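Notes for the structure review
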Amino acid sequence: MQRQHITLQDADEVASFYRDTTGMNPDYLPLSGSGGLNLEAVELGELSIIWAAAEGRARWRDEIVGTGVQLGLALSSDMGMTALGEEIDERHLMLWRPGCELDYVLEGPYLTLEIGLPGSLLEHLGWAPTGPTLRQ
């Protein structure tokens, strides 16, 4: 098990971290604030758990390029959150799966929890994630 605290300063660092850790290809655009992203990340083999916090407003457009999935909860946001054109809150679960793009805006300061599940675990469990990418 590896746990680390990371501060990512710009969109290139964010993209590199998420691509390497989760198999996600993010398009991260800070819209206000410093643009920095503070992470507490735990890696358990191919499984990842990430708490992400930022002060500013940011737009994300993500796509999984690997075989796994990413589950995400927006735990808090002072000014609200929008995903796929819909207002969301901590009761919503977002699912990133291969071939599906998620487009969302988080108003800072915000805190999210993300859990990355590798394709090998999904296959072992017999899971085939389908259906909407946003669930309440």
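Residues numbered from 1 in each chain as written. Predicted model: local features only at pLDDT ≥ 70, side-chain atom pairs only at ≥ 80, totals over all residues. Heavy atoms only, no water.

**Here we look at the overall build of the chain**
Note the cut-off: Each helix corresponds to a stretch of at least 4 residues labelled H or I by DSSP, and each strand to a stretch of at least 2 residues labelled E; elements are numbered beginning at the N terminus. We compute the radius of gyration over the C-alpha atoms and compare it with the globule rule, which gives 2.2 Å times the number of residues raised to the power 0.38. Accessibility here uses a 1.4 Å probe with only protein chains present; expressed as a share of the type maximum, an area under 20% marks a residue as buried, one over 50% as exposed, and anything in between as partly exposed. Any two residues having at least one pair of non-hydrogen atoms within 4.5 Å are treated as being in contact.
Looking only at helices and strands, one finds 2 helices and 12 strands in the chain. Its C-alpha atoms give the chain a radius of gyration of 14 Å, near enough to 14 Å, the size a compact globule of 136 residues would have. Counting only residues that meet the buried cut, the chain has 46% of its 136 residues in that class. Within the chain, contacts between residues separated by at least 24 positions form 75% of all contacts whose residues are at least 6 apart in sequence.

**As for the pairing of strand β6 (residues 69–77)**
Note the cut-off: A pair of strands is considered paired only if DSSP assigns at least 2 bridges between the two.
Taken together, the 8 bridges between β6 and strand β11 (residues 110–117) define a ladder with antiparallel strand orientation. From the neighbouring strand, leucine 71 faces β11, where its bridge partner is isoleucine 115. Summarising the sheet, β6 and strand β9 (residues 93–96) pair through 3 bridges and their orientation is antiparallel. By the bridge assignment, leucine 71 is partnered in β9 with leucine 95.

**Some words on helix α1 (residues 11–22)**
Applicable threshold: Every helix has an expected span of 1.5 Å times one less than the residues it contains. The arc in question is the one traced by the directions running from the helix axis out to the C-beta atoms.
With 12 residues, α1 extends 16 Å between its outermost C-alpha atoms, agreeing within 8% with the 16 Å of an ideal straight helix rising 1.5 Å per residue. Along α1, the residues classified as buried are Val14, Ala15, Phe17, Tyr18, Thr21 and Thr22. All buried residues of α1 project into a common sector of 165 degrees when viewed along the axis, lining one side. Across from the buried face of α1, at angles greater than 90 degrees, the exposed residues are Asp12 and Asp20. Once α1 ends, the next one or two residues include glycine 23, with phi positive near 75 degrees.

**Considerations on the sheet that holds strand β5 (residues 58–64)**
Rule in force here: What counts as an axis is a line fitted to C-alpha atoms, over the stretch in contact for a helix, and the angles between N-to-C directions run from 0 to 180 degrees.
If you trace the 5 strands from one edge of the open sheet to the other, you get β2-β5-β10-β7-β8, paired in antiparallel fashion. Of all the strands in the sheet, the pair left with one neighbour each is β2 (24–30) and β8 (86–88). Neighbour-to-neighbour, the strand axes of the sheet open up by a mean angle of 25 degrees, direction not taken into account. Pairing analysis gives 6 bridges linking β5 to strand β10 (residues 101–106), with the strands arranged antiparallel. Within β10, the residue paired with alanine 58 across the bridge is leucine 106. Where α1 meets the sheet, it contacts β2 and β5, and its direction lies at approximately 160 degrees from that of β2.

**Considerations on the environment of isoleucine 6**
Structurally, isoleucine 6 is set in strand β1 (residues 2–8). The exposure class assigned to isoleucine 6 is buried, which follows from its relative accessible area of 15%. Linking isoleucine 6 and asparagine 38, residues 32 residues apart in sequence, is a C-alpha distance of 5.9 Å. Excluding its chain neighbours within four sequence positions, the residues that come into contact with isoleucine 6 are Phe17, Leu37, Asn38 and Leu39.

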